[in-house]
Amino acid sequence: MSEFTLLHSIPLKNKLGEGIVWHVASQSVWWTDIHGRFLYQLFWPSLQLNTYPLPERISCFALLNPADPMRSDYSMLVAFESGFALYQPESQGIFWLAKPEAHLSGNRMNDGRIDRQGRFWAGTMREVDQGQTGTLYRLDQQGCHAVISNLLIPNSLCWNKNSSLMYHADSPTGVIYSYGFDAEQGTASQPQFFASVPDGAEPDGAVIDADDHLLCALWGGAAIARYSPSGQQTALHALPASQPTCLAFGGPELDLLFVTTARQGLTEAQLAAEPDAGSLLIYQSAYQGLPESELAVQDWLALQKTGGADV
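Residues numbered from 1 in each chain as written. Predicted model: local features only at pLDDT ≥ 70, side-chain atom pairs only at ≥ 80, totals over all residues. Heavy atoms only, no water.

A. Local environment of the pattern of salt bridges. Under the defined criterion, the tally for this structure stands at seven salt bridges. Among the ionic pairs, Asp209 bridges to Arg226, the shortest N-O distance being 2.8 Å. One end of the pair, Asp209, is in the loop between β19 (202-208) and β20 (214-219); the other, Arg226, is in strand β21 (residues 223-227), and 17 residues separate them in sequence. Grouping residues by exposure puts Asp209 and Arg226 together as buried. Ionic pairing is found between Asp211 and Arg226, a salt bridge with its closest N-O pair at 3.4 Å. Of this pair, Asp211 sits in the loop between β19 and β20 while Arg226 is found in strand β21, placing the two residues 15 residues apart along the sequence. On the basis of relative accessible area, Asp211 is assigned to the exposed category, the value being 51%. With relative accessibility at 9%, the residue Arg226 sits in the buried group. In the salt-bridge network here, residues are joined through shared partners; they are Arg57, Glu81, Arg108 and Glu127. (Salt bridge = Lys/Arg side-chain N within 4 Å of Asp/Glu carboxyl O. Helix = DSSP H or I, 4+ residues; strand = E, 2+ residues; numbered from the N terminus. Buried < 20%, exposed > 50% of the residue type's maximum accessible area, 1.4 Å probe, protein only.)

See below:
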């Protein structure tokens, strides 16, 4: 199969759908509408939908490990716009961990995910003038660590199959970079050029498939691009929405691709021509994914007491 087959378009009109994650235990996907301030959970294959209003915008998140002692009170580790916290969608309970940019007005969290060793990462961006004040952070038992700084809009964060490389993009540059990755320490080397996305598009959320290729949502490009480990574009899959934002493989065989999209910034005429803008798109994929990484069990109480320091 060389193309995707669209199975469902879930018409939610998300302002900025993002952060989609497949949860194998519940056979469901979770994602966030950042500007709409909602969390969603969609079960497969029933398409039952749970919707949770949010007290503050969430950009990305991870489901807590079932063995985590805090799991009975909080089901998620989230990147709220103002920092990291444990969160329970049903009760809106919040257990704050770290606010590394409380001193920076106008910044908010953006793209993030779990690495293959169970650490949580998330980057920040400046919303108003898109200044280079964004930073990619790693949150682990030792604290909240700044890893890459001077970013505009951090995106495309993912790791290759053996964790020897980390991929990351500063979206307005149109370039995806690779970094040598020390999996034990969670540190990255200097960036190396990996790939440029097509003209007129920006790299948004990305994921690695079972063949160690990188799939990237092309914001403004109405497509998903696939790149080989050497950075060669091997496929370009057209989408019915111009602003795809994030990708997750899911389903029992990990051969479904769930794609979040956005309506943000589109004119009324564009929205009329793009009825799928803001929808969740579900495809029978031409590729198979990898299992989602599991968040490591942490001593969240100890982390909170440190204030997430060490940035």
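So much for the structure itself; the text now carries on.
B. A look at the sheet that holds strand β9 (residues 93-98). Spatially, the four strands line up as an open sheet ordered β6-β7-β8-β9, and their pairing is antiparallel. Lying at the two open borders of the sheet, with one neighbouring strand each, are β6 (58-63) and β9. Strand-to-strand twist in this sheet, taken as the mean axis angle between neighbours without regard to direction, amounts to 30 degrees. Note: strand β7 (residues 76-80) against strand β8 (residues 83-88), five bridges, orientation antiparallel. Across the sheet, the residue bridging to Phe80 is Gly83, located in β8. (Pairing = 2+ DSSP bridges. Axes fitted to C-alpha atoms, helices over the stretch in contact; angles between N-to-C directions.)

C. Highlighting the sheet that holds strand β12 (residues 134-140). Taking strand neighbours across the sheet as the criterion, the four strands line up as β10-β11-β12-β13 in an open arrangement whose pairing is antiparallel. With one partner strand each, in any of the chains shown, β10 (107-114) and β13 (143-151) form the two edges of the open sheet. In this sheet, adjacent strand axes meet at a mean angle of 25 degrees when their direction is disregarded. Note that β10 and strand β11 (residues 120-126) share six bridges and pair antiparallel. Its bridge partner being in β11, Ile114 is matched across the sheet by Phe120.

D. Highlighting the packing of aromatic side chains. Across all of its chains, the model carries 16 aromatic pairs by this definition. Here Phe80 and Tyr87 contribute two aromatic rings whose centre-to-centre distance is 5.4 Å and whose plane-to-plane angle is 80 degrees, an arrangement assigned as edge-to-face. Judged by its relative accessible area of 0%, Phe80 is buried. Taking 5.9 Å as the distance between ring centres and 55 degrees as the angle between the ring planes, the aromatic pair formed by Trp121 and Phe181 counts as tilted. With a gap of 60 residues between them, Trp121 in strand β11 and Phe181 in strand β16 (residues 175-182) connect regions that are remote in the sequence. (Phe/Tyr/Trp six-rings, centres within 6.5 Å; stacked < 30°, edge-to-face > 60°.)

E. Focus on unusual backbone geometry. Each neighbour pair has its own omega, and for Trp44 with Pro45 the value is 5 degrees, a cis peptide bond. In this fold, Pro45 is placed in the loop between β4 (38-43) and β5 (49-53). With a phi angle near 65 degrees, Ser156 is a residue other than glycine that sits in the positive phi range. One can find Ser156 in strand β14 (residues 154-159).

F. View of the pairing of β21. Counted residue by residue, β21 has five buried out of five residues, so it is predominantly covered. Of the two faces of β21, both are covered, the one formed by Ala223, Ala225 and Tyr227 as well as the one formed by Ile224 and Arg226. Where β20 and β21 come together, five bridges link them in antiparallel fashion. Looking at β21, one finds that Ala217 is bridged to Ile224. Here β20 folds back onto β21, and the loop between the two strands holds three residues, one of which, Gly220, carries a positive phi near 80 degrees.

G. Representation of the nonpolar core. Ranked by size, the top nonpolar core spans 22 residues in total, and within it Leu77, Phe84, Leu86, Leu97, Phe120 and Trp300 carry the most contacts. If you list the elements that add at least two residues to this core, you get β6, β7, β8, β9, β10, β11, β12 and α2 (300-306). For this core, the element with the highest residue contribution is β9, accounting for three residues. If we ignore the near neighbours within four places in the chain, the residues touching Leu86 are Leu64, Met70, Tyr74, Met76, Leu77, Gly93, Ile94, Phe95, Leu97 and Trp300. (Core = buried A, V, L, I, M, F, W, Y, C linked by side-chain atoms within 4.5 Å. Contact = heavy atoms within 4.5 Å.)

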